[in-house]
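Here are the chains, one letter per residue:
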Amino acid sequence: MTEQDDISQAPNSKQSDQPTEDVKTDSWQNRISGIWHDTNNRLMKLFPVDRAAETIMQWFTVDEAQIAEILAKVRAELPTTEAILIGKPQTGKSSIVRGLTGVSPEIIGQGFRPHTQHTERYAYPSDDLPLLIFTDTVGLGDVKQETPVIIEELLGELQQESNRARILILTVKINDFATDTLRQVAQQLRQEYPNIPCLLAVTCLHEVYPNPTDDHPEYPPEFEEVTRPFAAIEEDFGKLYNSSVLLDFTREEDGYNPVFYGLEAFRDSLAELLPEAEARTIHQLLDEQASKQLGNIYRDVGRRYILSFTIMAATVAAVPLPFATMPVLTALQVSMVGLLGNLYGQTISPSQAGGVVSAIGGGFVAQAVGRELIKFVPGFGSAIAASWAATYTWALGESACVYFGDLMGGKKPDPEKIQGVMQEAFESAKERFKGMKN
């Protein structure tokens, strides 16, 4: 079987005939195994230095048990921020998640999972490797008698020891002054945990704009209809928050531009309240180059996911940890490809994702950057630079989007086109991630 035949095959997650799907799944796994070993054999022939070639082969042979072990170590070291969103329904909590992640409302809705009776949790980009964890209060203000229960659950959450940075985000609609319940919750949490910073986010500004106002004004808005209630809300919450910000995160169909009005101020407010590493991650996640609308929701969301894993790759490559080696990057990339596959409707196992990584990235490593990688092999030079790890991870993610996009469109992925995308993405990302540190 040729490489072109191999790379054009993929799992079909939408088959309705279960026996047929079992056969196809087995066939897919066999093909992936063939791709993996074929790539290894070709790489062994291409690299003239036996020791280097042997080491490089190990990068593409990380089994699922090793992947799980590696990712557990990476997860323990990631600069993860847990944002605890406290506010009534329809106060823009989900919009804040959308603004920070760039993920569509549909994906966010599917991503939140019940955590306790009155909280839901969403990890981004994945549960296994979260850079951001959002804990959302459910039912706040609906039944006043439940407020003590909600407070107790939140206090129980905060009592759990964690190496994550935490921040409380109070969301209040600018035209809502029935905030007694929210103040009660904030008072209890701040009394018990005064060291956890709190950001007051006042939302839904366009609901009080003077008529006629068809778009957002220059930020910050100077309308009296905004500044007066904002000042009143700030006074109402007194010393219960460390910083405040005005936000209006709408949907594209609402017609307001920009969609995420006040996002930069929100980002800067978060950065001021978070530790340095977590603040830097927030800034990187909101990189303008990754935020450009592409007219394709899958590619746009895919790039957001890719950026998250790029940041992780740079993190583990920059920190001198004993596990910060190429197998770590491979494990991260396997996890990334699996997540991208799910985005494009292809449910694949870690082994299958590893086969895709090998099929897409293996040939590229051998043909395009083999000589450059030699100096990074243990015994031949320095550790892998953060910038190279970021560049390669970004290029691999871009190629995986093309691969899965072809499958979603009913096309057979073209190996030459995918390798061309990988090469182009790698070259364009070189300058972007040059000297990247975390």
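Residues numbered from 1 in each chain as written. Predicted model: local features only at pLDDT ≥ 70, side-chain atom pairs only at ≥ 80, totals over all residues. Heavy atoms only, no water.

K.L.:
Run through the overall build of the chain, naming residues and quoting values.
P.N.:
When helices and strands are tallied, the chain shows 18 helices and 9 strands. Considering the chain as a whole, with its 438 residues, one finds that 54% of them fall into the buried category. In the chain, of all internal contacts separated by at least 6 residues, the share reaching a separation of at least 24 is 74%. Accessible area of the chain: about 19,900 Å², with a carbon and sulfur share of 47%. (Helix = DSSP H or I, 4+ residues; strand = E, 2+ residues; numbered from the N terminus. Buried < 20%, exposed > 50% of the residue type's maximum accessible area, 1.4 Å probe, protein only. Contact = heavy atoms within 4.5 Å. Areas by Shrake-Rupley, 256 points an atom, 1.4 Å probe, with all protein chains shown as cover.)

K.L.:
Can you lay out the pattern of salt bridges for me, pointing to particular residues and giving the numbers?
P.N.:
When their charged atoms lie close together, side chains carrying opposite charge are able to pair. The full count for this structure, using the stated rule, is 16 salt bridges. Where Lys-93 meets Asp-136, a salt bridge forms, and the shortest distance between an N and an O atom there is 2.8 Å. Placement of the pair is Lys-93 in helix 5 (residues 93–101) and Asp-136 in strand 4 (residues 130–137), with a sequence separation of 43 residues. Exposure remark for Lys-93: the relative accessible area of 7% places this residue in the buried category. On the basis of relative accessibility, which here comes to 10%, the residue Asp-136 falls in the buried class. One salt bridge in this structure joins Lys-417 and Asp-406, with 3.0 Å as the shortest N-O distance. With Lys-417 in helix 18 (residues 415–432) and Asp-406 in helix 17 (residues 386–408), this residue pair connects regions lying 11 residues apart in the sequence. For Lys-417, a relative accessible area of 38% corresponds to the partly exposed category. The class of Asp-406 is buried, set by a relative accessible area of 7%. Linked by salt bridges that have partners in common, Glu-82, Arg-121, Glu-157, Arg-164 and Arg-166 make up one network. (Salt bridge = Lys/Arg side-chain N within 4 Å of Asp/Glu carboxyl O.)

K.L.:
Requested: an account of the sheet that holds strand 5 (residues 165–173), with residues and values cited.
P.N.:
As summarised here, the arrangement of the 7 strands in space is 2-3-4-1-5-6-7, forming an open sheet in which the pairing is mixed. Sheet topology places strand 2 (113–116) and strand 7 (243–246) at the edges, where each strand pairs with a single neighbour. The average angle at which neighbouring strand axes cross in this sheet is 30°, direction not considered. As defined by bridge partners, strand 6 (residues 198–203) adjoins strand 7 across 4 bridges and the pair is classed as parallel. Looking at strand 7, one finds that Val-202 is bridged to Leu-246. Helix-sheet contacts for helix 7 (residues 147–159) involve strand 1 (81–87), strand 2, strand 3 (119–125), strand 4 and strand 5, and the interaxial angle to strand 1 is about 170°. (Pairing = 2+ DSSP bridges. Axes fitted to C-alpha atoms, helices over the stretch in contact; angles between N-to-C directions.)

K.L.:
Help me get a handle on unusual backbone geometry, residues and values and all.
P.N.:
A cis amide bond, omega -5°, links Asn-211 with the succeeding residue Pro-212. Take Pro-212: it is sitting in the loop between strand 6 and helix 9 (224–237). Residue Pro-220 is bonded to the preceding Tyr-219 through a cis peptide linkage, with omega at -5°. Of note in the backbone geometry, Gln-90 takes a positive phi value of approximately 65° without being a glycine. Examined against the element boundaries, Gln-90 turns out to sit in the loop between strand 1 and helix 5. When its relative accessible area of 69% is taken as the criterion, Gln-90 is described as exposed. The residue Cys-204 is not glycine, and still its phi comes out positive at about 60°. Relative accessible area serves as the criterion here: at 13%, Cys-204 is assigned to the buried category.

K.L.:
Describe in detail the packing of aromatic side chains, supporting the description with residues and values.
P.N.:
Between two aromatic rings, the relevant description is the distance of the centres plus the angle of the planes. With the rule as written, the count across this model stands at 11 aromatic pairs. The aromatic ring of Trp-394 is capped on one face by Arg-432, whose charged end is 4.5 Å from the ring centroid. (Phe/Tyr/Trp six-rings, centres within 6.5 Å; stacked < 30°, edge-to-face > 60°. Lys NZ or Arg CZ within 6 Å of the ring centre and 35° of its normal.)

K.L.:
Describe a negative patch on the surface, and please don't skip the residues or the numbers.
P.N.:
Taken together, Glu-106, Glu-252, Glu-253 and Asp-254 make up a surface patch of like negative charges. With respect to the helices and strands, the residue Glu-253 is situated in the loop between strand 8 (248–249) and strand 9 (260–261). (Patch = residues over 30% accessible without salt bridge, like charges linked within 9 Å, V, L, I, M, F, W, Y side chains within 5 Å. Lys, Arg positive; Asp, Glu negative; His and termini not counted. Charge placed at Lys NZ, Arg CZ, Asp CG, Glu CD.)

K.L.:
Pulling in residues and values, what's your account of the confidence of the model for the chain?
P.N.:
With 74% of its residues at a pLDDT of at least 70, the chain reaches an overall mean of 79. Segment residues 1–33 is flagged for pLDDT under 50; beyond a separation of four residues in sequence, or across chains, it makes 44 contacts in the model. Throughout residues 42–57 the model reports pLDDT below 50, and contacts reaching past four residues in sequence, or to other chains, amount to 28 contacts. (pLDDT = per-residue confidence, 0-100.)

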